[in-house]
Amino acid sequence: MNLASLIPKDWKTILSKDIDVDYFAELSGFVTEEYENGICFPPEKFIFKAFESCSLKNLKVVILGQDPYHGDGQAHGLSFSVPMGIKFPPSLRNVYKELSSDLSIQVPFQGDLTGWAEQGVLLLNATLSVRKSRPGSHQKQGWEEFTDSVIKTISDKKESIVFVLWGKFAEQKSELIDESKHHIITSSHPSPFSAHRGFLGSKPFSKTNEFLVKKGIKPIDWEL
């Protein structure tokens, strides 16, 4: 597997400095071996789906997750999202609960967040692959270095992006972001273990749109 060949052209251009260094070649080798010798998620063709679904030109919002889902049929390359027809994981259920409360809209009937991505929401996981039933198994192999660079590059090259950072892990990425140019929204993670410690009631969706409108940018239609 050549990871670089899977990255969409617009993103590959802006991330070329990462693709051409040793760590990315080592990461590509590791991911190739894992997919050849075991069951990994998401499917190979969806590893960079977050970038395919959200073009660099249209980018307005970044929502950061940590690992892809590690169960059968769940991960399809977008953080917190699952394909149509798949049962909502607990974190996504809480995301929808807050969405409904924040914007007074009906909870979506399906868990595919592609509709958000196509409007300019980069649904980025810090690690873009995982072995089946082994959460965290592809961490510390180079993915975090790559996705940290994605965040830093977006901060450097773009203007007025909303970064939605849920939980302590995501909040640590704020040091990569220039807050004089962008807007950061933080809260606890939507996981059932922490959602009641600040995620529920945090109103990230309306706050995102308030910032975008203030900057003269078309807001996100969060209704799926």
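The present account deals with the structure reproduced in this document. Quantities reported herein were computed from a predicted structural model and do not represent experimental measurements. What you see as residue numbers is a count from 1 along each chain, following the sequence as written. Per-residue local features are limited, in this predicted model, to residues with pLDDT of at least 70; the limit for side-chain atom pairs, both in listing and counting, is 80 or more; totals at the level of whole chains, interfaces and linings are taken over all residues. In computing side-chain properties, one takes all heavy atoms of the structure into account and sets aside hydrogens as well as water.

## With respect to helix α10 (residues 204-214)
(1) Moving on: When a residue's accessible area, from a 1.4 Å probe over protein chains only, is under 20% of the maximum for its type it is buried; when over 50% it is exposed; and in between it is partly exposed. The helix count covers DSSP runs of H or I at least four residues long, the strand count covers runs of E at least two residues long, and both are numbered beginning at the N terminus. What α10 keeps buried is the set Pro204, Phe205, Ser206, Thr208, Asn209, Phe211 and Leu212.
(2) Moving on: On its buried face, α10 is in contact with β2 (61-65), α6 (90-103), α7 (114-117), β5 (162-166) and β6 (183-187). It only takes one pair of heavy atoms within 4.5 Å for two residues to be counted as in contact.

## A short note on unusual backbone geometry
Outside of glycine, negative phi angles account for most residues, and trans bonds account for most peptide bonds.
(1) Moving on: Note the cis peptide between phenylalanine 41 and proline 42, where omega equals -5°.
(2) Moving on: Mapping proline 42 onto the fold places it in the loop between β1 (40-41) and α5 (49-53).
(3) Moving on: Backbone geometry places serine 160, a non-glycine residue, at a positive phi of 55°.
(4) Moving on: Locating serine 160 in the fold gives a position in the loop between α8 (143-157) and β5.
(5) Moving on: On the accessibility criterion, serine 160 (13% relative accessible area) is buried.

## Some remarks on the packing of aromatic side chains
(1) Moving on: Only the six-membered ring of Trp is used, alongside the rings of Phe and Tyr, when aromatic pairs are assigned; centres must lie within 6.5 Å, and planes under 30 degrees apart are stacked while those over 60 apart are edge-to-face, with the rest tilted. Applying the stated criterion to the full structure yields 15 aromatic pairs.
(2) Moving on: Here tyrosine 23 and phenylalanine 24 contribute two aromatic rings whose centre-to-centre distance is 6.3 Å and whose plane-to-plane angle is 80°, an arrangement assigned as edge-to-face. Each of the two residues, tyrosine 23 as well as phenylalanine 24, counts as buried.
(3) Moving on: Between phenylalanine 48 and tryptophan 143, the aromatic rings sit 5.9 Å apart at their centres with planes inclined by 70°, giving edge-to-face as the arrangement. Here phenylalanine 48 is found in the loop between β1 and α5, whereas its partner tryptophan 143 is found in helix α8, with 95 residues between them in sequence.

## Some words on empty space enclosed by the protein
(1) Moving on: Here a cavity is any set of points on a 1 Å grid over the protein atoms alone where a 1.4 Å probe fits but cannot get out, and a pocket is any open set with protein on both sides within 12 Å along at least 5 of 7 lines; a residue lines the site when it has an atom within 4 Å of a point. Grid points are joined across faces, edges and corners, and a volume is the space filled by probe spheres set on the points. Enumeration over the complete set of coordinates arrives at 1 cavity of 30 Å³ or more.
(2) Moving on: Its boundaries defined by the atoms lining it, the largest cavity holds a volume of some 30 Å³.
(3) Moving on: Forming the boundary of the largest cavity are Pro42, Ile47, Pro68, Gly77, Asn125 and Leu128.
(4) Moving on: Residue type decides the class: Asp, Glu, Lys and Arg count as charged, Ala, Val, Leu, Ile, Met, Phe, Trp, Tyr, Cys and Pro as nonpolar, and the leftover types, Gly among them, as polar. Of the residues assigned to the lining of the largest cavity, the class counts are 4 nonpolar, 2 polar and no charged.

## A short note on the layout of surface pockets
(1) Moving on: One number sums up the size of the largest pocket: a volume of about 530 Å³.
(2) Moving on: Forming the boundary of the largest pocket are 28 residues, of which Gln66, Asp67, Tyr69, Ser91 and His189 lie nearest the centre.
(3) Moving on: Listed by contribution, the elements that provide at least two residues to the lining of the largest pocket are β2, α6 and α9 (168-171).
(4) Moving on: Looking at the lining of the largest pocket element by element, the count peaks at 3 residues for α9.
(5) Moving on: In terms of residue class, the lining of the largest pocket is made up of 12 nonpolar, 14 polar and 2 charged.

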